[in-house]
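Here's the letter readout for the chains.
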Amino acid sequence: MTTTAPPQTETWKGQSIRRTEDRRLLQGQGEFTDDVWMHRQGYAHFVRSPLGHARIRSIDTSRAARLEGVYAILTGDEVREMCPTPFFQIAPEPGGRIAEYPLAVDKVRYHGDAVAVVLAETRELARDAAGLVDVDYEPLPAVVDTVAAADPEAPLLHEQVGSNVVWKGDFDWGDVDWALENADHVVKIDRLHFHRFSSTPLECNAAVVHWDPGTDTVKVQSNNQMPMFASMVIGPTLGVASNRLTFSSQDIGGAFGIKIGSYPQIAALALLSRKAGRPAKWTEYRTDHMLSAGHGNERVFLDTEVAVLKDGTILGFKTRAFDDAGAYLHYEPLGAVIWSQVCCGCYKLRHIHVDYTETVTNKCPTIPNRGYSRLQHLWFLERVVDVVARELGFDPVALRKQNYVQPSDYPYETPNGCVYDSGDLPRSLDMALELIDAPKWRERQRELGRGSGKRIGIGIGSTLDSGTNNFGQARIINPNLPFSGNGEAAFVKLDLYGEINVNLGTTPQGQGHETTAAQVVADVLGTSPDAVHVTAGFNQQQNTYVAFSGTYASQFAVTGLGAAQGAAERLRAEIAEVAAFALQAPIDEIEIRDGNCFVRDDPERAIPFIGVANLIYSNNAVLTPELRERISLNCRYVYTPPFQVPDPETKTGNLTLTYASQIHACVVELDEHTGEVKILDYAALDDCGTRINPQLVEGQVHGATALGIGAALYEAFEYDESGLLQQASFYDYHAITALDTPDIKVGDIESPSPFTPNGAKGMGEGGGAPLHAVCSAIQDALSPDDAIVSDSHNPWERVWRLMRSGEHGEPRGVTVASRSDAAGSDATA
Amino acid sequence: MLLESVEYARPDTVEQALTLLSQREGAAPLAGGQSLVNVLKHRVASVELLVDISRIDELRRIEARSDGGLEIGACVTYDELDGSDAVRASHPLLADVAGHIEDQQIRDRGTIGGNCCLSDPTNNLPPLLVALDATMNIRSRSGGVRQVAAEDFFHGYFSTAVGEGELLCSITVPPLPSPGGAGYSTVSLGADSKALARAAALVRGNGVIEDARVVLACFSAAPMRHHGMEAALRGAPATAEAVAAAAAGIGDGLDPPGDVHASTDYRRALAPVVARRAVCQAIGNGGDERG
Ligand SMILES: Cc1cc2nc3c(=O)[nH]c(=O)nc-3n(C[C@H](O)[C@H](O)[C@H](O)COP(=O)(O)OP(=O)(O)OC[C@H]3O[C@@H](n4cnc5c(N)ncnc54)[C@H](O)[C@@H]3O)c2cc1C
């Protein structure tokens, strides 16, 4: 390993240096996929289903083909002929029987399903031609509700599956029956619904795909954020070996998980390019994006029962979860296990039973969306805690603190074998409440009399952002999947004149990887980040990678920077060896600082990096054969977390390496007359371990907060009964803007992770804390006899209805059964 | 093409524009293009010739009239209304409303005439102009100027008193009553999204309401005056309580549309709220009051 102590006690790590990327991005010098131009390229446009569910009787492309400048048109039938096999499925039987091709074959299964794709001389012509493709549809009844879809009588999406239930599993840890029997109170919640929305990246999906007949390779320049996954899924379907299928991207205009989902289109473009003998360029229109790029998972929790002791200890719960994957399984059913990374959330619940059903429906396929699968579950848990507090008369703050995992409990093993690494949840909550000055608002809340027309509510959202997946959890879904562990690769070299260059396996979308990687490498090599060049973007032909490479799931600070650090340490060791040889000094006396290598206590004896590079690259006859052979100054390192394979039988194992926490506190004002919700104060307390660049962390916190507030109040994708999307443009889908975003007060704690190379934890997703906090605050503002907040989406009308539910005597959605000797509660059985 | 291919003309005078519009079938005026171009892009309507009127000088003037009113050219943009000293001086509410339509890009191009001729029930300006008792000055090639009260101008989406081959050329806004004032209230989901319910009001009187115009929008195809509430206000004291009493129950007789953003029931419930708030603002009593 390294031979010298770090040159200075001050590190670049921990400093909010400016983002290297911003200079080009703010001056319009970034390179996004739509900026890519290839000789002879044509423009692609997809023909999409205007119906939710229908049989394709026929497709007539003749009118479109007659337009001058149309290069090629591809339909589902042709695609089926060209593909050796449909996309590989993660699901076991019966979900695994789904046969999905790059274009719809025989049937369309959702509004926006792609039935054909046109390549033409211009973007506009391609769109015109697509409009001339005549598709004859026989409409079929649709199913748009996941619980209804599970009914054997429901319209079937995939006949060969035999049911719309594509995955089902029982997650049973501890002894929930014992807990419910021995509880003083059992709180029963009828139905909780987590709605569909997306993250609205500024840049829609895009790709330039060239099936090059000359080299028989397929070159994909795209903004797909998980290219190795895309490659592994589409390679076999295209019949192309992975060393002939190469992905690259430079700048990506936001992704949020949604851009994992562009692989079916990329596959279709590859076939279109092959047919036309030209590169195919595609930039998605916003409406196409809203219809078909992918939505976040929608989930329903039925018949929840929560076991509570009279002192407020929550023992556990059971529930029936239904997850709506949309029409095809894209990355799903991985969501069916990923929630269990946080099965007990921030709480010491020991008895958990979740009967989990995943169905397909006639809706856009879901795709991991910021907070993927955990935010649904964390929202559920936060609703449970708030409802328990309200029904049993506990203070929601005290109840949380009492049931939180305590600082002394770390490392804390959850009932399913996950290990929470570090944190201080009670203090985080205190700090968040201090930031909003909670007592002041409680006072205001009391002062507001009836007739003021307003109500105030204070809410809390406690979340964990689990990061660095153990892909072995896929085996809990399908024991035959040969996946486990995780990792990321980096490559650090000293270049010809002694310059430092870094290549990453990641596909950044605004997270500042160039900046933070330079900080980490600069610390190891005793130099300044300005002296470290990090290659922008990802290019499979140049960068190093592993199958997990990409940017997703809150892990770069651990895996990506772990890899960069490891590679830099290797390089440092090589530099020291060459310097020791050149300076004729023992290696443990070599110090490295500011691009120079010195002999400790004799700084006159020195060799700069350029000298070290010279010896290896262009002056190697002076070296010993042994050094010449072994040292390259080109160092690759793959960071791998210390995971083991989980147990599919018991559904237990360590599923993620790190657990960042976000505790949000929020004050809302409700307008009694209209249901309008105004956020009066908002605080986000973040603990993601050691922060490499605090300002970048704050930026992620701001983004995740705005997204969550948007989802809680404004944004929803809803379908009518025939399966038509009701919000397919910005007229109807109100993506949150700066005008709607409150001032966000940000606070932090740093609880370093003992499990990571740098103490950092992944944190970008943010666990959906604003959804929990806003729902909690609305709940707090309602009257005790009003219904509970049971939906994650609360636009004004829903709030208006909630405020009237009590006086209209509507069902509250919750009941409590208490033992006769349980004090402190006036609840009824 | 993003748009289907379409011819384009940019006449210098209203005369020329009217000639083009009346001679060619399938010709339509193009003002700010903020709605029309979208409509063409989505191909829900097709036009053969776009007659761009947005740079005709005589349609771009704002004139402060000697009676304290305004004469506003049809192609004055929202941003120009917002920034006009004349509008700010005599009708500050009109400037404010124009200054809050959607976003700056749209305000730079969208025009008062286009906003009225599109006649989308959720558009900001129609109910306000009805409340202000504006007069719409329409010209045709043959017949000179035809004046239509704003109240009779709006028929529904894309449907107004402007006939084939005609142009809305200017809008006359009478002076605000003195004593008196105007008010405006909207419920929308998010700061810059479409209105769910809206009302505009004009009140004459001080201490006692002598006369009132109350206009609701988003409840039917076109802005509608609520004569019942107006009658209840006439002679009432200019207090929040009296206004609330006049507004109570006005939603019951309405049959507003329901859609994914707001159900019929909810819109009904919003009617008295926006009406009350608009009138309260007009009487200078709790314009900012949400209660
Ligand atoms: C994303 C978005 C959100 C919007 N939100 C709102 C909103 O919240 N509130 C709101 O009020 N508006 C909104 N608008 C619409 C905007 O205000 C438009 O500018 C307005 O509706 C039309 O004005 P325009 O000048 O752009 O007219 P154009 O789009 O050019 O024309 C509209 C119609 O009027 C006709 N026309 C235009 N001028 C004349 C004339 N002088 N005589 C006869 N016919 C004429 C045209 O032929 C066309 O049929 C929004 C627009 C967009 C794109």
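Residues numbered from 1 in each chain as written. Chains lettered and ligands numbered in written order. Predicted model: local features only at pLDDT ≥ 70, side-chain atom pairs only at ≥ 80, totals over all residues. Heavy atoms only, no water.

1. Things to note about the site of the ligand
In the neighbourhood of the ligand, 27 residues make up the surrounding shell, with Pro29, Leu36, Tyr78, Thr111 and Asn124 of chain B lying closest. What surrounds the ligand is not a single chain but chains A and B. Interatomic distance of 2.5 Å between a backbone N/O atom of Pro29 of chain B and an oxygen atom of the ligand. With respect to the ligand, the backbone of Gln34 of chain B contributes an N or O atom lying 2.8 Å from an oxygen atom. Computed on the free molecule, the ligand has an accessible area of 950 Å², of which 90% lies beneath the protein chains in the complex. Sorting the residues of the shell around the ligand by element identifies β2 (27–30), α2 (36–41), α7 (112–118) and β10 (167–173) of chain B as the ones contributing at least two each. (Near = heavy atom within 4 Å. Polar contact = N/O pair within 3.5 Å; in protein donor to acceptor, adjacent residues only side chain to side chain. Areas by Shrake-Rupley, 256 points an atom, 1.4 Å probe, with all protein chains shown as cover. Helix = DSSP H or I, 4+ residues; strand = E, 2+ residues; numbered from the N terminus.)

2. Here's the deal with the pairing of strand β19 (residues 488–494) of chain A
Residues and elements named next belong to chain A. With five of seven residues buried, β19 is to be regarded as a mostly interior element. Sheet topology places β19 next to strand β26 (residues 634–639); six bridges connect them, and they run antiparallel. Bridge pairing in β26 places Lys493 opposite Asn634. Two strands pair when backbone bridges link them, and β19 and strand β20 (residues 500–504) are joined in this way by five bridges, in the antiparallel orientation. Its bridge partner lying in β20, Ala490 is registered against Leu504. Between the antiparallel neighbours β19 and β20 lie five residues, among them Gly498 with a positive phi of about 85 degrees. (Buried < 20%, exposed > 50% of the residue type's maximum accessible area, 1.4 Å probe, protein only. Pairing = 2+ DSSP bridges.)

3. Let's talk about the interface of chain A and chain B
Each side of the interface is counted separately: chain A has 29 residues, and chain B has 28 residues. A combined buried area of about 2400 Å² lies between chain A and chain B, and 52% of that area is made up of carbon and sulfur atoms. Where Arg43 of chain B meets Asp128 of chain A, a salt bridge forms, and the shortest distance between an N and an O atom there is 2.8 Å. For the interface between chain A and chain B, the tally reads 10 residue pairs in polar contact (both at pLDDT 80 or more). Among the elements of the structure, α4 (123–131), β27 (656–671) and α22 (796–805) of chain A are those that each provide at least two residues to the side of chain A that touches chain B. The class makeup of the residues in the side of chain A that touches chain B is nine nonpolar, seven polar and 13 charged. (Contact = heavy atoms within 4.5 Å. Buried area = accessible area lost by both parts, 1.4 Å probe. Salt bridge = Lys/Arg side-chain N within 4 Å of Asp/Glu carboxyl O. Nonpolar A, V, L, I, M, F, W, Y, C, P; charged D, E, K, R; others polar.)

4. Digging into the pairing of strand β18 (residues 454–469) of chain A
All names here are of chain A. Counting buried positions over the 16 residues of β18 gives 15, a clear majority of the element. Looking at chain direction, β18 and β27 are connected through 15 bridges and run antiparallel. Its bridge partner lying in β27, Gly467 is registered against Thr658.

5. Comments concerning the domain arrangement of chain B
Taken domain by domain, chain B comprises domain 1 (7–52), domain 2 (57–173) and domain 3 (180–290). A straight line from the C-alpha centre of domain 1 of chain B to that of domain 3 of chain B covers 35 Å. (Domains from an automatic or database assignment.)

6. Some remarks on empty space enclosed by the protein
Under the counting rule described, the total for this entry stands at 12 cavities of 30 Å³ or more. If you add up the space inside the largest cavity, you get close to 210 Å³. Considering the residues around the largest cavity, the lining is formed by 21 residues, among which Glu100, Tyr110, Pro264, Gln265 and His330 of chain A are closest to the centre. Where the lining of the largest cavity is concerned, the elements lending two or more residues are β1 (42–48) and α8 (263–276) of chain A. Broken down by class, the residue content of the lining of the largest cavity amounts to 12 nonpolar, six polar and three charged. Considered as a void within the structure, the second largest cavity measures approximately 80 Å³ in volume. Tyr714, Tyr731, Asp732 and His734 of chain A together with Leu189, Ser193, Lys194, Leu196 and His261 of chain B are the residues that line the second largest cavity. Considering only residue class, the lining of the second largest cavity consists of four nonpolar, three polar and two charged. (1 Å grid on protein atoms, 1.4 Å probe; cavity = no way out; pocket = protein on both sides within 12 Å on 5 of 7 lines; lining within 4 Å. Points joined across faces, edges and corners; volume = space filled by probe spheres on them.)

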